[in-house]
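Below are the chains, spelled out letter by letter.
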Amino acid sequence: MDTRYAPVEDGFRIVGSPETFNRALYGGHSQDPLPERYFTAAGDAPVVMGAISDWRKREDCSHAKCGTFMAGIAVTPGYHLPIFYYHGERDGDRTAEWFHQSPGTVSTFRTGWMEYAVKPFFQCYPVVSARLEVLPLQSEDGFLVGLEVSTDQRENLVIAFGGVTDFLGNLVSPFTEARTFRPEDCRGNEVQLTGGSTALVRGAPGLGIHTEMRLGASFPVEVSIGDAAEAIRPGRFAGPVTEKPEHPMVRMIVVVDAGQTLKGFVVVLRNAPSEALATWLRREDPVTELKRQIRDKARALELRTPDPMLDLTVAPNVLAMDACWHDNAFCHGAHSWHCPYMGWRNWYGPTVLGWHERVQAAFRTHARYQVSRDEADGPETVVWEGTGPYSRLQHSFGYIPEIPDGRRTLFYNMQEVGVDMALHGLEWSGDLAYAAEIFGPIADVLDWEERLLDPDNDGLYQNWLNTWISDAHSYNGGGCSQASAYNYRANRLMARIADRLGRDPARFRERAERIRSACQRVLWLADRGVMAEYVDTVGNRLVHPSPELATIYHSIETDLVDPFQAYQLLRFTETDLRNVHTLARNGRLVWSSNWYPQNYSSCGLYPAENLHLAWAYYQCGQEERGNDLLRAVTDAHFLSRYPGVVAHCMTESGFSEGSSDFSEISSLHLRTLVEGLFGVRFHLLDGLIRVAPNLPREWEQAELTTAAVAIWYHRHGEEEILMVRAEAKARREARLRLRGTSIKEVTVNGRPSPFRIEPGIGFSACVVETKEPEAEVRVVHGEGPVPTLACPARVTAGDGVTIEVQGGRIVEVFDPSGCLKDCHWHGTRVHGTARGHAGGHVVFVRVEQDRWTGWLPADLVFAEPMPIRPSVSGASLEWIPVPIDPQYTLGLTEIHAQEYRRPRPSGYSIMA
């Protein structure tokens, strides 16, 4: 296995990396009322920077520095030329070295803090060993650096701190030149020596940012003012300095004698009183206490599986998700784009963690700015330059702006995902009081969506920058699948909520049915097995038949398609979209579309899209393919320059680049683990908790714990035990797939239990229901291999096709795309003649054997027929134009001529 970071116990380790500021560390929420968010930028090399973002001043990824901390060793103060030379020493001082300049450092990200083992390379000089720990404070803004330094000869430990700046750009990005410490960072700063081992640094006047950084050491040090221009090496920095340096920094120096080990810590606070610093310096063991606080926060989700790499990805994503929470809203990123957008997809993760109060508060924060009827009927006002012809839309009654600051502009339409996340939270909490509170605002949003995005009332809604990958999209008013799917699910759930609240569900139910019918009639292409991306509103009203990933997983997620259609959509990602594999463990990644040329964000490789796709595979019971995708994203946590992080864009090797700790990625990663891998779904509006694990077949044990539910799985031979513990009052439904063709025994908490067998696509499920709050479901599987199916991998139109079943008998065949002419079956074989367009097709074969019953998919790929051309002798070949329009567009008239809705087979199950 080849990864950049090695998985170690509770961490990600790398040796000799010079990367700086590539790992953000996060504190608590005591300063949430402030507009800015503070974070600590650490990295592979032991140099630390405090930084802030402030979305009200800069919505983008820009940060301001709050001082840079460096520590190192010098034999003597000042520049020193050695008597004996080692390689390269003649050209520079090798008797002094900052720890972040030292080669061979062992750096470990301990999922919340950084640890370093440093041995400066003094070939002809003292043997020095240093251990550093950098931990973010949880009660104040700032960080603590634990130090343990030993040497066999007398040395000077030199510490430098300073550089409070204005906003300079994305300081976590390696492409921002200003991220590196520069003497000009300190220009205009004021440094005060406040007594003993403490000092204060203030930013330059006129920055418009109030930042005071207090720091102090728990051990005796000589504190003075140094010149940042001399901070090239710690020896030079410790030397003589002018009385008033142009670039002032705090300088701390302590002598470490031969054979001595110095232990202590330096604490750095932002905008805190001197009493707070004094309190920290009096603490005996603050390092242990900070570690406990960080671990407690990360325990919102605990995972124990046979895959240690997967387990290690949990804590960093929980901590990043927590850091995105700010002033009663979830921000787009923990540090970059730390702006409270209503999306993208950043409330799903908090919901499965059990953070219902936060999710509810987030929706309230945004709904507070919903356009009222009085405001919509009033005079038009342009609040933001550039609103242009859309200024009338922004005053429509019911619209919720994407950012809760009073603006009324319509740029992103984040209402669809915001409503979906709020309803998803309701399914998990079952809070009917909250449902009654948000019923009106959501109903107004759905009315706005219909008025603005479905003005012809045909049931098809236009996509309007409504998904995270929609930046480069334009649908020109066409009826689209994604917006329609979102509105279908929202109206369907609102009808159920109306029933529970004693309100009229009719308009929601009728609207949902109109959407579903329109999508199935116009956008579902039966012969291709896909949901079209959208339909044109002008010209020949062509349907665009090649969906992107968002169309595929949203159609599945919202139940806009049935299980057979869902399987075909997922199959499209395997046959018609570009697939690549990670170098570490051969995980699968899928490009977001086949719309070329490549363009951000209409065609690219994005981890969030692959996580959502994995979730869709899991919900359809296709665990092997879901696990392939999850394994690739897991690998990415170890492959890029950000330990424990997947940035928002990826390469084909699994390396990720871009903004790290994006809330959308962390949210979807956590959701995919809980709802996908472990198959936990709360449907408390219906009084149901469903658990349908999608664990790899070879796993023998796995555990998951959140605030809402605990799952414990164990398998020994053919005996499976699934323990489910949850406090919510609801019936439990456990689904375990048959490992043989019969069931020997089923018990719940040691007592025999009734069960039923339900057919799935590719599996047969044993379904057990119970009302026990803590249920141990035990299933002993019988012998006999489960049925399998064999079919040709590739065929050409006109070829004879034979599908053969082993270990079972065929009871039904369903050919939704009509790809087999003269299809017939007998006993264990299906016969037919291939017909239809090139690409993927699926024939579903219902098979039974003893108690086992399920649909086995025959995955077929039709190849392009080879053209027959006359031989050419003695003459040059000429280019022949070939029309490609049929490959990309399909007219509505052609669709209407097709039999777009075929009879559905009997006995197919709901998705697992």
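Residues numbered from 1 in each chain as written. Predicted model: local features only at pLDDT ≥ 70, side-chain atom pairs only at ≥ 80, totals over all residues. Heavy atoms only, no water.

Asks: Would you mind going over the packing of helix H7 (residues 356-367) against helix H9 (residues 415-429) in detail, with residue names and values included?
Replies: Two elements in contact, H7 and H9, have axes separated by 10 Å at closest approach and are oriented at 150°. Note that H7 runs across H9; the crossing there is left-handed. Contacts between H7 and H9 pair His356, Gln360 and Phe363 from the former with Gly418, Ala422, Gly425, Trp428 and Ser429 from the latter. Of the residues in the contact of H7 with H9, the class split is 3 nonpolar, 5 polar and no charged. (Axes fitted to C-alpha atoms, helices over the stretch in contact; angles between N-to-C directions. Helix = DSSP H or I, 4+ residues; strand = E, 2+ residues; numbered from the N terminus. Left-handed = near helix turned anticlockwise from the far one by under 90°. Contact = heavy atoms within 4.5 Å. Nonpolar A, V, L, I, M, F, W, Y, C, P; charged D, E, K, R; others polar.)

Asks: Mind laying out unusual backbone geometry, listing which residues take part and the relevant values?
Replies: Glycine aside, a negative phi is what most residues show, and trans is what most peptide bonds show. Residue Trp344 follows Gly343 across a cis peptide bond; omega there is 0°. Omega for the peptide link from Tyr596 to Pro597 comes to 5°, which places this bond in the cis form. Examined against the element boundaries, Pro597 turns out to sit in the loop between strand S26 (588-590) and helix H15 (607-619). Phi angles above zero are rare outside glycine, and Asn271 is one such case at about 50°. With respect to the element layout, Asn271 can be found in the loop between strand S18 (261-270) and helix H2 (274-282). Positive phi, close to 60°, is recorded for Asn586, a residue that is not glycine. Here Asn586 shows up in the loop between strand S25 (579-581) and S26. Assessed through its relative accessible area of 48%, Asn586 is described here as partly exposed. (Buried < 20%, exposed > 50% of the residue type's maximum accessible area, 1.4 Å probe, protein only.)

Asks: Report on the packing of aromatic side chains, specifying residues and quantitative values.
Replies: The full count for this structure, using the stated rule, is 20 aromatic pairs. With centroids separated by 4.6 Å and ring planes inclined at 35°, the aromatic side chains of Phe12 and Phe638 adopt a geometry described as tilted. Of this pair, Phe12 sits in strand S2 (residues 11-15) while Phe638 is found in helix H16 (residues 623-639), placing the two residues 626 residues apart along the sequence. The pair Phe12 / Phe638 is uniform in exposure class, with both members buried. A centroid spacing of 6.2 Å and a plane angle of 25° characterise the contact between Phe814 and Phe844, whose relative ring orientation is stacked. Taken together, the residues span a long stretch of sequence, with Phe814 in strand S43 (residues 809-814) and Phe844 in strand S46 (residues 839-849) at a distance of 30 residues. The exposure class assigned to Phe844 is buried, which follows from its relative accessible area of 0%. Linked through ring pairs, Phe564, Tyr567, Phe814, Phe844 and Trp855 together constitute an aromatic cluster. Looking at Arg671, its charged tip hangs above the ring of Trp615, at a distance of 4.3 Å from the centre. (Phe/Tyr/Trp six-rings, centres within 6.5 Å; stacked < 30°, edge-to-face > 60°. Lys NZ or Arg CZ within 6 Å of the ring centre and 35° of its normal.)

Asks: With reference to specific residues and values, describe the sheet that holds S43.
Replies: Pairing is mixed in the open sheet, where 4 strands are placed in the order S41-S47-S46-S43. In this open sheet, the two strands that pair with only one neighbour each are strand S41 (794-796) and S43. Taken pair by pair, the neighbouring strands of this sheet meet at an average axis angle of 40°, ignoring direction. Bridge count between S43 and S46: 5 bridges; the pairing is antiparallel. Across the sheet, Ile810 pairs through a bridge with Val847, a residue of S46. (Pairing = 2+ DSSP bridges.)

Asks: Pulling in residues and values, what's your account of helix H17 (residues 663-677)?
Replies: Its 15 residues give H17 an end-to-end C-alpha distance of 20 Å, which sits within 8% of 21 Å, the value for a rise of 1.5 Å per residue. Along H17, the sharpest change in direction is near 25° and occurs at Arg671. Of all 15 residues that make up H17, 15 are buried, and the element is covered over most of its length. (Expected span 1.5 Å × (residues − 1). Bend = angle between axes of the 7 residues up to and from the residue.)

Asks: Describe the environment of Ala228, listing the residues and the values that go with them.
Replies: Relative to the helices and strands, Ala228 resides in the loop between strand S16 (222-227) and helix H1 (234-237). The class for Ala228 is buried, based on a relative accessible area of 3%. Taking the C-alpha atoms as reference points, Ala228 and Pro248, 20 residues apart in sequence, are found 6.1 Å from one another. Here Ala228 is in contact with Phe181, Pro183, Cys186, Phe237, His247 and Met249, once residues within four sequence places are set aside.

Asks: Summarise helix H12 (residues 506-523); cite the residues concerned and give the values.
Replies: The terminal C-alpha atoms of H12 lie 25 Å apart, and with 18 residues this matches the ideal 26 Å at 1.5 Å per residue to within 8%. Within H12 the residues assigned to the buried category are Phe508, Arg511, Ala512, Ile515, Ala518, Cys519, Gln520, Val522 and Leu523.

Asks: A description of the environment of Gly43 should follow, citing residues and the corresponding values.
Replies: Positionally, Gly43 belongs in the loop between strand S4 (36-42) and strand S5 (48-54). Its relative accessible area of 0% is what places Gly43 among the buried residues. Residues Gly43 and Val172 lie 129 residues apart in sequence; the distance between their C-alpha atoms is 9.6 Å. For Gly43, the residues in contact, after removing those within four places along its chain, are Glu19, Phe21, Asn22, Arg23, Met114 and Tyr116.

Asks: With reference to specific residues and values, describe the pairing of strand S13 (residues 190-195).
Replies: When S13 meets strand S14 (residues 198-202), the two strands line up antiparallel, connected through 5 bridges. Residue pairing for S14: Gln192 is matched across the bridge by Leu200. Counting the residues between successive antiparallel strands, the hairpin from S13 to S14 contains 2 residues, one of them, Gly196, with a positive phi of roughly 65°.

Asks: Outline the sheet that holds strand S40 (residues 788-790), supporting the account with residue identities and numerical values.
Replies: The strand order across the open sheet formed by 4 strands is S40-S42-S45-S44, and the pairing between neighbours is antiparallel. The open sheet has two edge strands with one neighbour each: S40 and strand S44 (820-826). Taking the axes of each pair of neighbouring strands and ignoring which way they run, one obtains an average angle of 15° across the sheet. The pairing of strand S42 (residues 800-806) with strand S45 (residues 829-834) spans 5 bridges and is antiparallel. By the bridge assignment for S45, Glu804 is matched with Arg829.

Asks: Just give me the short version of the side chain of Glu758, but keep the residues and values in it.
Replies: Structurally, Glu758 is set in strand S37 (residues 756-759). Assessed through its relative accessible area of 16%, Glu758 is described here as buried. Here the side chain of Glu758 touches Arg735 through a polar contact of 2.8 Å, side chain to side chain. Within the structure, the side chain of Glu758 is placed 2.7 Å from the side chain of Arg756, a separation counted as a polar contact. (Polar contact = N/O pair within 3.5 Å; in protein donor to acceptor, adjacent residues only side chain to side chain.)

Honestly, it's all geometry; don't read function into it.
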